Each structure stands twice: as structure tokens, then as C-alpha cells.
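# Remarks on the overall topology
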Amino acid sequence: MDSDAGFEPFRRELVVHCYRMLGSLHDAEDLAQETLLRAWKARERYDEGRASVRTWLYRIATNVCLTALEGRARRPLPSGLGAASTDPDVPLVPDFEVPWLQPLPARYTGDPQARAGVRLAFVAAVQLLPPRQRAVLVLRDVLQFSAAEVATQLDTSAAAVNSSLQRARAALATATPREHEVREPGDQAVRETVERYVRAFEAADVPALVTLLTDDAVLEMPPVPLWYAGRADYGRFMARVFTMRPGAWRAVPLTANGQPALAAYCPDDDGGHRLHTLQVLTVTPAGIAHNVVFQDPRLFAAFGLPVSV
């Protein structure tokens with residue numbers, strides 16, 4: 001190849017691949033760039049008779065990710081660090097020492113293939129796996145590469161790939177929601193549920209809000225290492241939030257990780273609304289089962305969210 005022109009069309013899907021591996025949007029963008037740079041430097045050694053450009057790029061990206069993961073702690077959500085709280089008045093103290101899992105903007109999940117394997121619960125569960133098992137699971141089950149292709153990408157045998165895949169699947173079997181229980185953002189029932197949630201949220205109507213939740217709904221809020229489980233505790237905490245910041249809120253629907261999401265704006269002293277949180281919802285036929293609430297200015301900027309409305 002004479003230039004990197006043949007590589008650039010793969011940038012977005014490489015970012016998504018690196019995100020699945022690391023759970024970090026910012027790291028994924030950096031590592032996708034590193035992948036393209038390495039590919040450009042090695043372009044004269046690329047042999048189209050042995051692999052497609054896409055397969056070759058995924059080999060480079062996977063190994064870039066494995067190198068980056070050496071010695072790194074996994075990226076959790078608060079629910080992966082300890083028991084749920086039952087105290088709605090516990091101090092909200094962020095922990096910036098934890099490398100928290102980050103959400104993925106909609107610009108990277110425009111097609112069904114990109115949306116596969118990026119739900120927050122799945123990415124959080126993948127972080128529990130050793131790096132090479134993580135790579136095998138993503139390459140085989142999400143990207144649908146053959147065992148032989150993955151063996152070549154990881155410089156191992158097909159038998160070793162199949163063994164790693166079996167262990168990875170077993171580890172994740174109880175860690176992620178069943179796919180048929182999670183609805184797409186475009187589903188009519190999901191849109192209606194989210195619209196009702198937005199109306200209740202903007203009105204600070206806790207009773208209406210909790211009726212939209214499943215019985216065991218989870219609310220968590222990185223970088224605060226705190227989470228709640230169940231309608232009652234979810235509702236008690238939200239009542240505290242609305243008491244701390246009284247008045248009409250604003251919520252702007254969007255998507256993240258192929259899931260419905262919203263940007264929440266709290267009332268400010270000037271009569272307007274300032275950006276408060278980015279909330280990623282998991283909606284099932286029974287209601288909203290999970291809400292991960294992010295409060296990180298770097299993520300707000302990455303999602304292109306206005307600071308006030």
C-alpha cells in the first residue's frame with residue numbers, strides 16, 4: 001500500500017474494538033490511532049494473500065490493546081466494587097483514583113455490527129476477564145472471526161483459542177443480561193418508556209419515576225463509588241437529589257453504547273439549566289432495569305453536550 005488511505009475507513013470500528021477491550025473511550029481513540037500508525041509503517045509487509053486489510057488491522061489493534069492492558073487495573077462500575085447502599089443520605093464523595101468504565105458516544109455505533117458487544121453491562125463484564133480471554137471472546141463472539149483467524153491474530157493455536165473462549169463464556173454466563181431482555185433505543189415501547197421517564201424526571205416526580213423501574217432496578221453514579229438496588233432505594237436517592245437541587249430539571253434524550261440515554265440539566269441560579277449528568281439506561285420489557293449516571297466533564301465534551309440549555 002502506498003498510503004494510509006486504505007486504513008482510514010476502519011478507524012471507527014477499530015475505536016469500538018479497542019473500547020470493548022479497555023472500557024475507555026479516550027484510550028480506545030488513542031489506541032485506534034496507534035493501530036493506524038503501526039499499519040502505515042508496516043504497509044510494505046502487508047500480504048493480501050494471507051489476510052484481508054480488516055483482519056490484519058484487527059490483529060494489530062488487538063495486540064496494541066493487549067500491550068496497553070499489561071499491569072492495568074480493570075475498569076469497573078460501582079456495582080462491581082462492593083455491596084449496594086441503603087442510605088440515601090450517604091456523602092457523595094467521588095473517587096478519582098479508580099479508572100472507571102466510560103460510555104461510548106453514538107457516533108461510533110451507527111450500524112448494527114458496531115452496536116454488538118458495546119452495551120455497558122457487557123463491557124463491564126468483559127473487564128473481569130484476563131486480557132487474552134477478553135480478546136478471544138470479542139474476536140470470536142462479537143466480531144465473528146474464525147478460531148483459525150483468531151489463532152493467527154494472537155500467535156497461538158485454534159485449540160488454545162477454543163479453550164480460552166469456553167472459559168470466557170463460562171465466566172460471563174451470569175454476569176450479563178440476556179439479550180432478549182434488553183430493547184433497542186428505536187423500539188416503540190422503549191421510546192415511550194424513556195419519554196415517560198423524562199417527563200417524571202423533569203418534574204422531579206419520584207412516585208411517577210419509580211413506577212417505570214423494574215423491582216430490582218440498579219442506580220449507580222461513577223466517579224462516586226456508590227450504588228443502589230431496588231425501586232425503593234432508587235426512589236429515596238432521587239428524592240434527595242431533587243431536594244438538593246429544587247426546581248424544574250431538563251433532560252435531553254440521546255443514545256450511548258447502543259442504549260437510550262439522556263443528558264440531565266439541573267436548574268441554576270440564573271434561571272437556566274446547567275449540565276449535571278449523562279445517564280445511560282437499560283430498558284427491558286419489565287421497565288428500566290439499570291441507570292448508570294456519569295458526571296465527568298471529559299465525557300460531556302466527548303459526547304458534544306452543551307454545558308447549559
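This one's a predicted model, so the numbers in the text were calculated from it and none came from an experiment.

Bringing helix α6 (residues 131-142) into the picture now. Given a rise of 1.5 Å per residue, twelve residues ought to cover 16 Å, and the 16 Å separating the end C-alpha atoms of α6 matches this to within 8%. Considered for burial, the residues of α6 that qualify are Q133, R134, A135, V136, L137, V138, L139 and V142. Looking at the buried residues of α6, the elements they touch are α1 (11-22), α3 (53-69), α5 (120-126), α7 (147-153) and α8 (158-172). Within two residues after α6, Q144 carries a phi angle of roughly 65°, on the positive side.

Moving on to unusual backbone geometry. The omega torsion across P222 and P223 is 15°, close enough to zero to call that bond cis. Position of P223 among the secondary structure elements: in the loop between β1 (213-221) and β2 (224-229). With a phi angle near 65°, Q144 is a residue other than glycine that sits in the positive phi range. Q144 sits in the exposed class, given a relative accessible area of 58%. The phi torsion at D155 lies on the positive side, around 55°, for a residue other than glycine. Looking at where D155 falls in the secondary structure, it is placed in the loop between α7 and α8. Since its relative accessible area comes to 59%, D155 is described here as exposed.

Okay, empty space enclosed by the protein next. Counting across every chain of the model gives one cavity of 30 Å³ or more. Put simply, the largest cavity is a space of about 40 Å³. The wall of the largest cavity is formed by L77, L120, A121, Q259, V280, T282, H290 and V292. When contributions to the lining of the largest cavity are tallied by element, the ones reaching two or more residues are α5, β5 (273-284) and β6 (287-294). Residues that form the lining of the largest cavity fall into these classes: five nonpolar, three polar and no charged.

Quick notes on the rules
Residues numbered from 1 in each chain as written. Predicted model: local features only at pLDDT ≥ 70, side-chain atom pairs only at ≥ 80, totals over all residues. Heavy atoms only, no water. Helix = DSSP H or I, 4+ residues; strand = E, 2+ residues; numbered from the N terminus. Expected span 1.5 Å × (residues − 1). Buried < 20%, exposed > 50% of the residue type's maximum accessible area, 1.4 Å probe, protein only. Contact = heavy atoms within 4.5 Å. 1 Å grid on protein atoms, 1.4 Å probe; cavity = no way out; pocket = protein on both sides within 12 Å on 5 of 7 lines; lining within 4 Å. Points joined across faces, edges and corners; volume = space filled by probe spheres on them. Nonpolar A, V, L, I, M, F, W, Y, C, P; charged D, E, K, R; others polar.

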